[in-house]
Amino acid sequence: LSLSRQSSCLIVCISQFSPLDFAPKSASIMSQLRFDGRVVIVTGAGAGLGREYALLFASRGAKVVVNDLGGDPQGKGKSQKAADVVVDEIRAMGGVAVADYHSVTDGEKIVQTAMENFGRIDVLVNNAGILRDKSFPRISEEDWNLIHDVHVKGSFKTTQAAFPIFKKQNFGRIIMTSSNSGVYGNFGQANYSAAKLGLVGLANTIAIEGAKYNIHCNVIVPTAASRMTQGILPEQLFKELKPKLIAPVVVYLCHENTEDNGAVIASAAGWAGKVEIYAGKGSVLRTSLHQDVTVEHVRDAWSKVVDMSGAENMKTIGAASGTLLTVLDHLDQPSGQPSGDSNASSGVYENEFTFGFKDLILYALGIGASVNEPSDLKYLYESHEEFSVLPSYFIQPGLMLTMGSSITKSAITHKEFDLTNVLHGEQYLEVYDFPLEGNLRTEGKVIDVMDKGSGAVVVTCCETFDNHGNLVAKNQSSTFIVGCGNFGGKKNPSPEVIPTLPTPTSSPETSITLKTSVDQAAIFRLSGDANPLHIDPNFSIIAGYKTPILHGLCTLGFSLRAVLKTYANNDATLFKAIKVRFVKPVIPGQTLKVDMWQNGNRIQFKTSVVETGQDVLTGAYVDLTSTVKVEKSIETSSNMGLQSDAIFGAIKDRVNDDQAKAKSVNGVFAYKITENGKVVKEWTLDLKSAKVYEGAPQGVKADTTLTVADTDFVDIAMGKINPQVAFMKGKLKIAGNIMLTQKLVPFLKTDSKL
């Protein structure tokens, strides 16, 4: 739609609609939206739209900073009169306002005016603008720079100055002003058009970065009669494009109760509508990842490339990335393999899954199997006489069906969502056979949808069969979709959904710690789950995480390995089923602690992060066909690692980061860590030389020797047990210079209570 055609459409609308068709039936019965106590900055508020914004905000109780340089529409000259006149108008009607005469390129000075006069800022309307219209070949560098200075740089500088204030008070509303010339283009306005669409991109990113601080940034695309548009728009349209008809839209977007963020709203002549960018389905230009794209491929597919039937609004960069990942997944499938949407019309989705020994080994490495553990070699070496598959690998066929099809989206029809909204809630797996290679066929369907208010839960069931039709595995996955709740659905699961179990309240029978690698997610994703949340720092920030997080299914795999080692002698063929609930993410490099309780052939467990103390898997259990008692020994504990190892590792990092602080303690501490009353490991904290190492003191004499059980040391470090109480109860034994430990405690104390 061209700008001229849109103007024509508005003329038709103006001539045909009655205001009564659009206005509320009774405005008096609607509660008035107020801005009492709020401070609003409006740039370019000396006339036109800016003046109307300022007057309306003030009439609703806001204190207003009226900014205007006082120049002409081409940006020439300056005058205090424009801002002063509007301030006088506001004061005359009983409002509160001050004038500001700075250029928007000095945005920090405008913000300073607000802080000096009112002590806060709540709303910023970036409205200031100028025109330098010329056909593209005639635009000078000065014409280009002036337009971008006022529109783009001015909005950037003023918003950047206000942003820390908004962040500190956990509230802020920002308006960027675009234009139909930016959205659609317009002859003679190349400089202006580029700047105005650039503001949409700026607003989109500010909306993403500000969301967690309750800072909303929206865009207004106004078409209004002003000194800038007079002579450009048709006369009939110009007369009806009153700025005061747009002001309520802007003021509404800035109210504290308005939830819109990142919206682009066009408004003119008493009409408003949302503007969005849509992407067509497009066309794949090659048949596999091993094929190149030729110019002829593009030519032959061009009609599909430009076909906009079935176009979608991607809403986020995550959604666009998700679409590309789906394309890559399909290209990565063997030639002729059916897509994940086979038979989708009947509610049953199908896919084919091919695997071999390399896939099994890569998966085992992804969940922490190591040649350092002799019993793990059978999972890592295809020629091992007992070469085996770790059972949780058979989650993969169902996962690939879910990720490569529209099965989850088919259950949520009331709202669009993308990868940044999707969280893995629960997982159940039951394995009936343990093939080491082959082609598997998986059938999946949605078995339940629940409304949890803040989101929706979609439960899918996938059954995987071999070439002979024998059932290999059954998966149930619960997916939580943030922001898709409140649709009037049921709250509780159907009987078909396999439940989790309450975690026992008694002390665990066995606890094992397993250290993840900083590269764990990078390895695990190669088994199929290529969600950029686990590898791309920019994507993880969009999704609300400071750093890429570990796959929940990777944490599940680590936990299953701990159970198999403890109760099945690391024999995967004794596995029957597993169920977990994912509650918190794990950061690659953190240490997992798996607490276990045996109840016959059912092993309940809970997994937490040692460094933070947070639970990450709960309500979990593993069913075995039978159990094998493994006698505890120092060797077994050493191979699996003590829980305290992670604590000493963190202490070592802290000492290395601040050696001066460590040396200020000026003491040597020898730790003796026990299990079942026997010393199983020693650590030395030589804080005279700023060294931390495993073993007895080397070349120095310990000033203080501390003897403590592995689990008690972790509880002390995490703040669950007071050191003095532990000492009085005999859980912590101290020999040597007891008073020196008082200098050690503050050094070890951190926000994580380490």
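The sections below set out a description of the structure shown in this document. Computed from a prediction, not measured in an experiment: that's the story for all the values here.

The next subject is the state of the cysteines. Overall, the coordinates contain zero disulfides when judged by the stated rule. Here C254 stays unpaired: no disulfide links it, and the sulfur of C217, its closest cysteine neighbor, is 9.8 Å away. Classification of C254 by relative accessible area gives buried; the value is 1%.

All right, on to helix 6 (residues 141-169) then. Spanning 29 residues, helix 6 covers 40 Å between terminal C-alpha atoms, matching the ideal 42 Å at 1.5 Å per step. At D149, helix 6 is bent by approximately 40 degrees, the largest bend along its length. Two residues or fewer after helix 6 comes N170, characterised by a positive phi angle close to 55 degrees.

Below, the discussion takes up the environment of F480. Take F480: it is sitting in strand 13 (residues 471-482). Measuring from C-alpha to C-alpha, the distance between F480 and S454 comes to 9.5 Å, with 26 residues separating the pair along the chain. Once you skip the residues sitting within four places of it in the chain, F480 turns out to touch N421, V422, L423, G425, K452, S454, G455, A456 and V457.

As for its placement among the helices and strands, N191 is situated in helix 8 (residues 190-210). Owing to a relative accessible area of 0%, N191 belongs among the buried residues under this scheme. At 3.4 Å, the side chain of N191 forms a polar contact with the backbone oxygen of D143. When sequence neighbours within four positions are dropped, the list of residues in contact with N191 reads R132, I139, D143, W144, I147 and H148.

The next thing to look at is the sheet that holds strand 21 (residues 691-694). As summarised here, the arrangement of the five strands in space is 21-20-19-22-23, forming an open sheet in which the pairing is mixed. This sheet does not close on itself; its edge strands, each paired only once, are strand 21 and strand 23 (732-736). Recorded for the sheet is a direction-independent mean angle of 20 degrees between the axes of neighbouring strands. In the sheet, strand 19 (residues 668-675) pairs with strand 22 (residues 704-709) via six bridges, with the strands oriented parallel. Bridge assignment links A670 to a residue of strand 22, and that residue is T705. Packing against the sheet, helix 22 (residues 710-717) makes contact with strand 19 and strand 22, and its axis sits at approximately 105 degrees to strand 22.

Per the stated rule, a full pass over the model turns up twelve aromatic pairs. Aromatic side chains F648 and Y671 sit 5.3 Å apart centroid to centroid with 70 degrees between the ring planes, which places their arrangement in the edge-to-face category. Taken together, the residues span a long stretch of sequence, with F648 in helix 20 (residues 643-657) and Y671 in strand 19 at a distance of 23 residues. Since its relative accessible area comes to 5%, Y671 is described here as buried.

With a phi close to 55 degrees, A269 is a non-glycine residue in the positive phi region. Counting through the fold element by element, A269 comes out in the loop between strand 7 (264-268) and strand 8 (271-274). Looking at A269, the relative accessible area reads 9%, which means it is buried.

Reading guide: rules and limits
- Residues numbered from 1 in each chain as written.
- Predicted model: local features only at pLDDT ≥ 70, side-chain atom pairs only at ≥ 80, totals over all residues.
- Heavy atoms only, no water.
- Disulfide = S-S within 2.5 Å.
- Buried < 20%, exposed > 50% of the residue type's maximum accessible area, 1.4 Å probe, protein only.
- Helix = DSSP H or I, 4+ residues; strand = E, 2+ residues; numbered from the N terminus.
- Expected span 1.5 Å × (residues − 1).
- Bend = angle between axes of the 7 residues up to and from the residue.
- Contact = heavy atoms within 4.5 Å.
- Polar contact = N/O pair within 3.5 Å; in protein donor to acceptor, adjacent residues only side chain to side chain.
- Pairing = 2+ DSSP bridges.
- Axes fitted to C-alpha atoms, helices over the stretch in contact; angles between N-to-C directions.
- Phe/Tyr/Trp six-rings, centres within 6.5 Å; stacked < 30°, edge-to-face > 60°.

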